[in-house]
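Single-letter residue listing:
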Amino acid sequence: MGDRKPVRDECYARTVLLLLLMVGLCVSILGLAQVRTPAPLVTIDSGTIEGLSFNGEPVFLGIPFAAAPTGERRWMPPQPLPAWRGVRQAAGVAGFQKTFREIAPAQPYYRDFHLNEDCLYLNVWTNHPGAPARLPVMVWIHGSSNIGGTGAYPPFGPGLARQGTVLVSINYRLGALGFLAHPALSAESPHHASGNYGLLDQIAALRWVQRNIAQFGGDPNNVTVFGESAGGTMICYLMASPQARGLFQRAILQSCTCRDYLSPELKRPIRYFSGRGSAEETGLRLQRDLGIAPGPEALRKLRAQSAEAVVRASEQDKEVLSFLYAGGTVDGWVLVEQPAVTFGAGRQAGIPVLLGSNADEGTVTLGQLGKPTLANYRAWLRTQFDEHADEVLQVYPSRTDAEVRPAYLALTADYQRGQAVRSLARDMVRAGQKAYLYYFNYPAKGEYAREGLGAFHGLDQSFVGGGFFRKSRWGEPDAKDCRTVKLMTGYWTQFAATGDPNGPGRPGWPAYDPRTDLAMELGTIVRPIAVPHASRFSILERVFGVRLREIKSVRKSFYDATGSH
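Scanning the protein from terminus to terminus reveals 19 helices and 16 strands. For the protein, the proportion of its 565 residues judged to be buried stands at 62%. With the model as given, the accessible surface of the protein reaches about 20600 Å², and the carbon-plus-sulfur share is 52%.

Okay, here's the thing in structure tokens:
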């Protein structure tokens with residue numbers, strides 16, 4: 001899921017645009033001319049929108065895809081958007097010129113953004129608005145631990161549009177406003193379900209794509225969802241959800257999980273990914289944190305709280321925050337069963353996937369240990385693996401404080417990353433689909449290298465679609481960086497177009513085969529290699545298998561005893 005430190009970049013936010021002041025790019029991929037051309041107009045099912053155009057490249061920013069999830073609509077599935085009359089600007093023009101001058105060398109399409117619970121907006125980049133181009137569509141789902149982030153970052157749009165795709169980036173409800181479950185919410189739902197509002201937002205955005213993307217030159221029958229970290233996990237959930245079936249034809253999952261851990265369940269208390277209990281119990285806990293007494297008025301009072309108060313209370317309660325990191329609840333409707341069960345049985349979406357992990361996923365989360373001491377490492381292992389902690393320690397050993405860092409980094413490269421994506425690839429192949437597995441190990445540069453971050457969690461995003469690097473941390477991108485940008489962008493967009501990343505001028509990428517167990521190395525060298533560290537995966541798979549069998553064995557007795565479902 002990425003760094004678990006609370007992030008408030010854009011939790012519960014209306015992100016229309018993002019100010020990127022410290023960003024660089026590979027000129028060979030994107031180009032820098034700054035010529036303003038007439039604004040494009042597109043008519044969609046809710047009205048006519050006016051975008052921006054620079055160098056003849058149209059962009060439509062801040063398009064609403066559902067009604068604002070505020071007031072009585074808080075903690076409800078996304079509601080239909082009323083149509084408007086006239087022309088609605090989808091450009092964020094106010095204050096644009098000043099910001100344009102500040103960041104034009106990097107990205108002329110963004111300005112500042114603000115925090116707001118009214119957040120159900122998306123952005124579209126296309127070079128063919130209004131034309132029957134039938135281009136492949138790529139829908140970006142951002143990460144940031146399910147409690148932060150923004151669809152405006154990374155700024156993939158211009159680079160991917162220039163490669164012949166239509167890029168859609170979406171925002172959705174996050175944190176407690178996106179994933180809270182509560183008995184009163186379940187009671188008012190016709191599906192007897194609550195939580196998963198962020199997932200329902202993503203499904204609503206994908207339905208908007210089906211209805212409207214042809215107006216932007218896109219093909220609604222050729223949609224690829226792609227995301228990193230928590231964004232990849234959301235895609236894993238979408239693949240498992242019957243509510244999302246048929247809304248996309250391919251998936252790219254970068255550093256994702258969900259297939260290899262237990263998700264919270266609505267009513268049944270279990271030991272899940274990062275916490276214990278049931279989803280509804282967590283909602284009651286947040287209610288108490290907000291000082292709201294039990295009773296028939298509790299839900300009304302919860303909805304009357306300010307968004308800031310709800311988010312602040314959820315961030316201050318470690319148990320609530322741990323629940324939010326999981327990002328999805330087995331509610332019997334959006335997620336009918338544990339995703340691991342869905343994938344293991346082959347009931348997930350039957351589509352090709354491209355997926356992988358980074359060599360040094362854990363360097364950005366080392367702070368979870370506090371100080372990297374042996375005592376802290378052992379304590380962290382107990383929080384993750386309970387009674388299996390000593391078994392895991394034998395495979396990822398540390399006998400002294402000095403050995404903690406390499407042991408932790410080895411484990412976090414595998415746990416919920418390398419092992420997770422390989423397991424998902426195997427599930428897809430077993431279900432008769434193609435999977436393309438990668439291992440990203442391009443070394444960090446500049447300040448990142450001096451901090452020993454390596455191919456850290458999230459670095460792969462800099463090499464897709466345009467080569468965006470923070471010059472203050474990375475330095476000036478060189479020719480090798482830009483070649484890797486071109487290569488990875490080519491793989492990603494070719495996969496989006498055809499379901500196969502292979503194409504002229506790129507090293508051949510074999511589809512994953514469990515018998516050969518190869519992944520595509522994406523680094524300074526690009527080639528198929530044996531899946532790194534696969535010999536260590538068995539302990540993680542065994543521990544998870546034990547947990548999965550335990551919850552299966554008590555599931556029927558719990559629901560028989562409670563009469564719930």
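There is more to say after this.
A few words now on the sheet that holds strand β5 (residues 87–89). Ordered in space as β1-β2-β5, the 3 strands form an open sheet in which the pairing is mixed. Each having just a single partner strand, β1 (41–44) and β5 make up the two edges of the open sheet. In this sheet, neighbouring strand axes are inclined to one another by 35 degrees on average, regardless of whether the strands run parallel or antiparallel. Judged from the 4 bridges that link them, β1 and strand β2 (residues 47–50) form a sheet pairing that is antiparallel. Each bridged residue has a counterpart across the sheet, and for V42 the counterpart in β2 is I49.

The next point concerns helix α13 (residues 374–385). An α-helix turns once every 3.6 residues. As a result, residues three or four positions apart point the same way. Spanning 12 residues, α13 covers 16 Å between terminal C-alpha atoms, matching the ideal 16 Å at 1.5 Å per step. Inspection of α13 places L374, Y377, W380, L381, Q384 and F385 among the buried residues, and these make up the whole buried set. Along the long axis of α13, the arc covered by the buried residues comes to 125 degrees, so they all point the same way. Directly beyond the C-terminal end of α13, a positive phi value near 50 degrees is found at D386.

Of note, V429 is situated in helix α15 (residues 404–430). C-alpha separation for the pair V429 and V353, spaced 76 residues apart in sequence, amounts to 9.8 Å. Ignoring anything within four residues of it in the chain, the contact list for V429 reads A435, Y512 and P514.

For the coordinates displayed, the defined rule picks out 30 salt bridges. When the shortest N-O distance is used, the salt bridge between R422 and D517 registers 2.7 Å. With a gap of 95 residues between them, R422 in helix α15 and D517 in the loop between α18 (479–498) and β15 (518–522) connect regions that are remote in the sequence. A single burial state applies to R422 and to D517, both of which are buried.

In this structure the tally under the stated criterion is 1 disulfide. The partner cysteine of C236 in its disulfide is C258, sulfur to sulfur 2.1 Å. With the S-S dihedral at roughly -65 degrees, the linkage between C236 and C258 falls on the left-handed side. Placement of the pair is C236 in helix α7 (residues 230–240) and C258 in the loop between β10 (250–254) and β11 (270–272), with a sequence separation of 22 residues. Among the residues examined, C236 registers a relative accessible area of 0% and is labelled buried. What makes C258 buried here is its relative accessible area of 0%.

What follows covers the confidence of the model for the protein. Of all residues in the protein, 86% have pLDDT values of 70 or greater, and the mean over the chain is 88. In this model residues 1–35 is a low-confidence stretch, pLDDT under 50, and it forms 163 contacts with partners more than four residues away in sequence or in other chains. Across residues 557–561 the pLDDT falls below 50, and counting only partners more than four positions away or on other chains, this stretch makes 8 contacts in the model.

Here we come to the pairing of strand β16 (residues 526–530). Pairing analysis gives 5 bridges linking β15 to β16, with the strands arranged antiparallel. If you follow M520 over to β16, its bridge partner there is P528. The turn joining β15 and β16, which pair antiparallel and follow one another in sequence, is formed by 3 residues.

On to the packing of aromatic side chains. Per the stated rule, a full pass over the model turns up 21 aromatic pairs. An aromatic cluster is present here, built from F440, Y442, Y448, F456, F463, F469 and W474 joined pairwise through their rings. In this arrangement the basic side chain of R74 is found over the ring face of W75, its NZ or CZ atom lying 5.3 Å from the centre. Stacked on the ring of W84, the Lys or Arg R88 has its end atom at 5.2 Å from the ring centre.

Rules of the game
For every chain, the first residue of the written sequence is number 1, and numbering continues from 1 onward in sequence order. Restriction of local features to residues with pLDDT of at least 70 applies here, the model being predicted, together with a cutoff of 80 or more for giving and counting side-chain atom pairs; totals for whole chains, interfaces and linings are based on all residues. Excluding hydrogens and water, the side-chain values take into account all heavy atoms of the structure. The helix and strand labels rest on DSSP assignments: H or I over at least four residues marks a helix, E over at least two residues marks a strand, and numbering proceeds from the N terminus. Three labels apply to residues, based on accessible area from a 1.4 Å probe with only protein chains included: buried if under 20% of the type maximum, exposed if over 50%, partly exposed otherwise in between. All accessible areas in this document rest on Shrake-Rupley with a 1.4 Å probe, and a residue is counted as covered only by the protein chains that are shown. Strand pairing follows a simple DSSP-based rule, namely that at least 2 bridges must link the two strands. Lines fitted to C-alpha atoms define the axes, with helix axes restricted to the stretch in contact, and inter-axis angles between N-to-C directions lie between 0 and 180 degrees. Every helix has an expected span of 1.5 Å times one less than the residues it contains. This arc corresponds to the set of directions leading from the helix axis out to the C-beta atoms. What makes two residues a contact is simply this: any of their non-hydrogen atoms within 4.5 Å. Between Lys or Arg on one side and Asp or Glu on the other, a salt bridge is scored when a side-chain nitrogen of the former is within 4 Å of a carboxyl oxygen of the latter. Two cysteine sulfur atoms make up a disulfide if the distance between them is within 2.5 Å. Residue-level confidence of the predictor is summarised by pLDDT, bounded by 0 at the bottom and 100 at the top. Two rings belonging to Phe, Tyr or Trp (six-membered ring only in the last case) form a pair when the distance between their centres is within 6.5 Å. Interplanar angles under 30 degrees mark stacking, angles over 60 mark edge-to-face geometry, and anything in between is tilted. Counting as a charge over the ring demands two things of the Lys NZ or Arg CZ atom: a distance within 6 Å of the ring centre and an angle within 35 degrees of the ring normal.

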